[in-house]
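Structure assessment
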Amino acid sequence: MTMRRIVVVGNGIAGLTACDSLRSAGFDGELTVVGSERHHPYSRPALSKALLHGVNGNSDDALQAHELPEPTHDATELLGVSATGLDPDARLVRLDGGGELPYDGLVIASGSRAKLLASGHGGAGQGGAGQGGGGPQQDGSPRELTLRTIEDAILLKERVASRPSVIVIGGGPLGMEVASGCLHMGCEVTLVSDVKPLSRQLGGHLADIFTSAAIQRGLRVVGGGKARLVDHGTGTRVVLADGTELHADLVVTAVGDEPNIDWLAGSNLLTDGALRVDSRGRVRPEIVAAGDVAFFPTRRGVQRVPLWTSAIDQAKVAAVGLLQGDAAPEFNFQPYFWTEGFGLSLKAVGFTPVAGEPDFCEPGAESGSLLLRWDNPDGAGTAAALNYRIPVPKLRRLADAGPAALRPAAPALHPPAPARA
Amino acid sequence: MRIELDRPRCEGHGLCEEAAPKLMHLDDDGELVIDVPEVDGADLDAAKAAVRVCPVAALRLAAA
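Thresholds applied
- Residues numbered from 1 in each chain as written.
- Chains lettered and ligands numbered in written order.
- Predicted model: local features only at pLDDT ≥ 70, side-chain atom pairs only at ≥ 80, totals over all residues.
- Helix = DSSP H or I, 4+ residues; strand = E, 2+ residues; numbered from the N terminus.
- Rg over C-alpha atoms; globule rule 2.2 N^0.38 Å.
- Buried ≥ 20, exposed ≤ 12 C-beta atoms within 10 Å, placed from the backbone.
- Contact = placed C-beta atoms within 7 Å.
- Expected span 1.5 Å × (residues − 1).
- Nonpolar A, V, L, I, M, F, W, Y, C, P; charged D, E, K, R; others polar.

Counting its regular elements, chain B contains 2 helices and 4 strands. Mapped from its N terminus to its C terminus, chain B presents α and β elements in the order β-α-β-β-α-β. The C-alpha atoms of chain B give 10 Å as radius of gyration, which agrees with the globular expectation for 64 residues (11 Å, within 12%). Across its three principal axes, chain B shows a C-alpha extent of roughly 30 × 20 × 15 Å. Looking at chain B as a whole, 47% of its 64 residues are labelled buried. Of the contacts made within chain B by residues no fewer than 6 positions apart, 60% connect residues no fewer than 24 positions apart.

Below, the discussion takes up helix H7 (residues 204–216) of chain A. All names here are of chain A. Given a rise of 1.5 Å per residue, 13 residues ought to cover 18 Å, and the 18 Å separating the end C-alpha atoms of H7 matches this to within 8%. Where H7 is concerned, the buried positions are Leu206, Ala207, Ile209, Phe210, Thr211 and Ala214. For H7, the elements touching its buried residues are helix H5 (173–184), helix H6 (199–202), strand E11 (220–222), strand E24 (344–349) and strand E27 (381–386). Directly after H7, the chain includes glycine 218, whose backbone phi takes a positive value near 105°.

This part takes up the environment of Gly35(A). All names here are of chain A. Tracing the sequence through the fold places glycine 35 in strand E2 (residues 30–35). Using a count of 27 C-beta atoms within 10 Å as the deciding quantity, one classes glycine 35 as buried. The spatial distance from the C-alpha of glycine 35 to the C-alpha of valine 239 is 37 Å, given a sequence separation of 204 residues. Filtering out sequence-adjacent residues up to four positions away, glycine 35 remains in contact with Gly10, Asn11, Gly15, Glu77, Leu78 and Leu79.

Further remarks concern the interface of chain B and chain A. Listed as interface residues are 20 residues of chain B and, on the opposing side, 23 residues of chain A. Sorting elements by how many residues they give to the side of chain B that touches chain A places helix H2 (residues 41–53) of chain B first, with 6 residues. Residue composition of the side of chain B that touches chain A, by class: 10 nonpolar, 4 polar and 6 charged.

In structure tokens, the structure reads:
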């Protein structure tokens, strides 16, 4: 089928990359992007990293520094507009305000929003987070802040500037990055996590390193089961399942994200409430999906991987999948993850979490820098660089081929066995 | 336009190199080297793509 009109729903990095990839794959028809955020795409991972850890507090500067250059894909951009419905038989995207967009091809890149701990107050619609997370208290302030959009980041940075006491709920990478940023700004910070922070994402070894560094820098880590928020005269109280009660001036929750698929209800595209794509990003021949919204096949099963490089890689595959169908290359997902905080910077290539101690461990030139590798049971490797500057392609070679890849000129000796704890 | 690198912010992810291999590369230590700082035409599009994919917003384009 000839595609003359392609509509992209979502103007984050997945939508933007899809547009660029459609153009570079030769699509010269009409391209329309619908984005619920009013901004051009910006660097989302930097919000919890550079922005929160930065010393310059001017929000305008911060916004500008994180804004990406204007797109070159020559699409009609409808920014600040949400898709509210989809009729896949009539091939129509419905917009808030009543408009409709017909398409020959559709890219679903509507992303995800921050999950809220306080139930029933979710920002509705695609990309609807960032507006009054958690529902307001009597004095109008939100019960919980989240960090997903640039507006969230600016608000958080403003609130943290007066050094309130902070409770961060959620021991994943985002919660840890927020906790690190708040500590950096001089706040007293308590992190609530029912498992060791980062252990679900990284495995015990790396989680231990991060948690030790965090505690050394003054982070208080509290377990105690599922947390809930209770309104309180002057702030929000956090009550844990075991009865522990915590108080702070500011509560930030980082308890995951949920895909923006509300607008697809009734479209028959969802399977068990999830949007699933095939190995070429397709939901149907004329509909593809990419980024935080999509479940896709990986070597470790069908997953949703809401990470920056995953969104970029998925979008490239989906764009070609939409134009070329079965002739398009299949997606070979190569996990790449990074986080930073508490003086540590980690880059990891390969699937995580990794079990047990690393099979290879080499210190770098600077104190505390480490290069690590795990042999996984499925035969693939995972490599991690901790405060260790290494080009990512080289780290990938370490993950794929083992330590010999680092020293191509040297004889391939087996590395010394690392000390076991 | 001129490609500007905020070196302290750069963490050597290398996504920019994938987007614009003719314009920049990571050296063996993981430091980014801008090989072609002044860009126009097709190079400018590649440079914009490189700036966009940087996850730490370390790259910018400025008027030459």
